[in-house]
Amino acid sequence: RQAAFLRSALKNFRAQLGKAKKGTTKATILVSDSYPQWKIDALLWMQEQYKSNGDSFAPTFMKELKTWTTANISDKKMIKFTMQFVSFMKKEAEDVGDMAMDVKLPFDQKSILVGSEEYIKSQLNVEGLKILLIDSDDGDDGAPEKVKEQVIPGKPYLWMH
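This one's a predicted model, so the numbers in the text were calculated from it and none came from an experiment. (Residues numbered from 1 in each chain as written. Predicted model: local features only at pLDDT ≥ 70, side-chain atom pairs only at ≥ 80, totals over all residues. Heavy atoms only, no water.)

J.: Help me understand the pattern of salt bridges, please; the structure alone is not making it clear to me.
T.: Opposite charge on two side chains permits pairing when their charged atoms draw close. Considering all chains together, one arrives at 7 salt bridges under this definition. Note that Glu94 is salt-bridged to Lys90, the shortest N-O span being 3.0 Å. Separated by 4 residues within a single helix, Glu94 and Lys90 lie in helix 4 (residues 76–96), roughly one turn from each other. Note that Lys148 and Glu145 form a salt bridge whose closest N and O atoms lie 3.4 Å from each other. (Salt bridge = Lys/Arg side-chain N within 4 Å of Asp/Glu carboxyl O. Helix = DSSP H or I, 4+ residues; strand = E, 2+ residues; numbered from the N terminus.)

J.: What am I meant to see in helix 3 (residues 61–72) here?
T.: An α-helical turn contains 3.6 residues, so any two residues separated by three or four positions project in the same direction. Taking 1.5 Å per residue, 12 residues should reach 16 Å; helix 3 reaches 16 Å between its end C-alpha atoms and fits that length. Regarding helix 3, the residues found buried are Phe61, Leu65, Trp68 and Thr69. An end-on view of helix 3 places all buried positions within 95 degrees of arc, on one side of the element. Those residues of helix 3 that are exposed and angled more than 90 degrees off the buried face are Lys63, Lys66, Thr67, Thr70 and Ala71. Contacts made by the buried residues of helix 3 are with helix 2 (37–52) and helix 4. (Expected span 1.5 Å × (residues − 1). Buried < 20%, exposed > 50% of the residue type's maximum accessible area, 1.4 Å probe, protein only. Arc of directions from axis to C-beta. Contact = heavy atoms within 4.5 Å.)

J.: Explain the environment of Val114 here, please?
T.: Counting through the fold element by element, Val114 comes out in helix 5 (residues 109–115). On a C-alpha basis, the gap between Val114 and Ser52 in space is 39 Å, while along the polypeptide they are 62 residues apart.

J.: Before we go on, may I ask you to explain the packing of aromatic side chains in this structure?
T.: Here a ring pair, both rings aromatic, is described through the centre-centre distance and the interplanar angle of the planes. With the rule as written, the count across this model stands at 7 aromatic pairs. Between Tyr35 and Phe85, the aromatic rings sit 5.9 Å apart at their centres with planes inclined by 65 degrees, giving edge-to-face as the arrangement. Of this pair, Tyr35 sits in the loop between strand 1 (27–31) and helix 2 while Phe85 sits in helix 4, and the two are 50 residues apart along the sequence. Judged by relative accessible area, Phe85 falls into the buried class, the value being 7%. Judged by centre distance (5.8 Å) and plane angle (70 degrees), the rings of Trp38 and Phe85 are edge-to-face. You can see Trp38 sitting in helix 2 and its partner Phe85 sitting in helix 4, a full 47 residues away along the chain. With relative accessibility at 25%, the residue Trp38 sits in the partly exposed group. Put simply, the rings of Trp45, Tyr50, Phe57, Phe61 and Trp68 touch in pairs and so form one group of aromatic residues. (Phe/Tyr/Trp six-rings, centres within 6.5 Å; stacked < 30°, edge-to-face > 60°.)

Pasting the structure below:
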């Protein structure tokens, strides 16, 4: 699972590097060990539904999700975000099993990336690279909010600036 994490991260970094503005020289990999509370609540609800249906999702899952979100979330925008997030995580869970719904990863993402730092730098052809855990004392190196929102456990983000 750790090797798959690194492989997937590198693939995403290459794609993010391709979208970077010309002339950006600094590279920072942002990592997060925890989801925001609303995503944790959604994942816990998903786990409950998954287990109660014999380790699969009921055909009425999306209808039940709509009922759950309307009962637990008042902000219409958050309901939309939650529906999108759960829909995405449902596909992940169908692909890789219930571990897709884990609220914490069973390994330390930052240490894997730090241990592979030279390899990542050579693969991305960048000279300087910082690897920061944004939900710790590392800080975020001034990353914009819209960049930080994209960082979730298991999906680090390459921020070129």
